Amino acid sequence: MFKKMWRDLRTSPVDTLVRWQEQRFLWLLMVVAMGGLIILAHSFFQIYLYMAPCEQCVYIRFAMFVMVIGGLIAAINPKVLVLKLIGCVAAFYGSITGLGYSIKLNGIHHAVHSPDALFGVQGCSTDPNFPFGLPLAKWAPEWFLPTGDCGYDAPIVPDGVTLSSFQQFFVDMYVQAEGWYLIPSMKFMNMAQSCFLAFGACFLILLVMTIAWGIKIARGGKKSALA
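Residues numbered from 1 in each chain as written. Predicted model: local features only at pLDDT ≥ 70, side-chain atom pairs only at ≥ 80, totals over all residues. Heavy atoms only, no water.

With that settled, the discussion passes to the packing of helix H4 (residues 55-76) against helix H5 (residues 81-112). At their nearest, the axes of H4 and H5 sit 8 Å apart, and the two run at 165 degrees to each other. In terms of axis orientation, H4 runs roughly antiparallel to H5. Both H4 and H5 take part in a crossing whose hand is left-handed. Grouping the constituent residues of the contact of H4 with H5 by class yields 18 nonpolar, eight polar and two charged. (Axes fitted to C-alpha atoms, helices over the stretch in contact; angles between N-to-C directions. Helix = DSSP H or I, 4+ residues; strand = E, 2+ residues; numbered from the N terminus. Parallel < 35°, antiparallel > 145°, perpendicular 65-115°, else oblique. Left-handed = near helix turned anticlockwise from the far one by under 90°. Nonpolar A, V, L, I, M, F, W, Y, C, P; charged D, E, K, R; others polar.)

Moving on, we get to a nonpolar patch on the surface. Among the surface-exposed residues, Leu-28, Phe-65, Ile-69 and Leu-72 lie close enough to one another that they form a single nonpolar patch of about 310 Å² accessible area. At three residues, the largest contribution of residues to the nonpolar patch is made by H4. Residue position: Phe-65 is located in helix H4. Overall, the relative accessible area of 37% leaves Phe-65 in the partly exposed class. (Patch = residues over 30% accessible without salt bridge, like charges linked within 9 Å, V, L, I, M, F, W, Y side chains within 5 Å. Areas by Shrake-Rupley, 256 points an atom, 1.4 Å probe, with all protein chains shown as cover. Salt bridge = Lys/Arg side-chain N within 4 Å of Asp/Glu carboxyl O. Buried < 20%, exposed > 50% of the residue type's maximum accessible area, 1.4 Å probe, protein only.)

Its volume calculated, the second largest pocket comes out at about 500 Å³. Residue lining of the second largest pocket: 22 residues in total, with Leu-37, Ala-41, Trp-180, Met-191 and Cys-195 positioned closest to the centre. If you list the elements that add at least two residues to the lining of the second largest pocket, you get helix H3 (24-48), H4 and helix H9 (191-226). At six residues, H3 tops the list of elements feeding residues into the lining of the second largest pocket. The residue inventory of the lining of the second largest pocket, partitioned by class, reads 18 nonpolar, two polar and two charged. (1 Å grid on protein atoms, 1.4 Å probe; cavity = no way out; pocket = protein on both sides within 12 Å on 5 of 7 lines; lining within 4 Å. Points joined across faces, edges and corners; volume = space filled by probe spheres on them.)

Take a look at the structure:
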């Protein structure tokens, strides 16, 4: 199967990429990837490990949520132009805004962890303003209400809570690293950088797919003109 896909991509890249767009698999893959990251951030890190989300964190969740909604709409039937366009617009919007939120959070993270950060960093609120005026913090506060400080994402275990040995292992690991890192022992790639990588990968895939779609449409127009 994979050999055939690779062979088709090499021999006819544009037609193959367009054909992939018209299948549900690619759109559902985006839904699973972004939806999985949202659930992981909320259920494991926020609830299980007591890492409170900051303002930029919930904005990143919003961007991922937009991509999930767009992917679900397109997956209804990717061959329908309107549904595919909605999916593309939502995916591009989510990935681009997500990149912006990730860059801002990364800047804050570096600022608050620098030796000169004597008085903290301004610009992180517990009263978020989501795009289009959506009151997501009121509709779903468990998911979209920021309760932490930007750049400080180490676990804060409430008094009186007894942790399991599994919880204690991860809590100690992130506390020692002074925050979330992809590889905590090395302090390699913080949360903002990891999110930037995820959004960036999605954006590049979307861009390649869209360019292929545009080439396919242009070829169709030329053939019509020559007919």
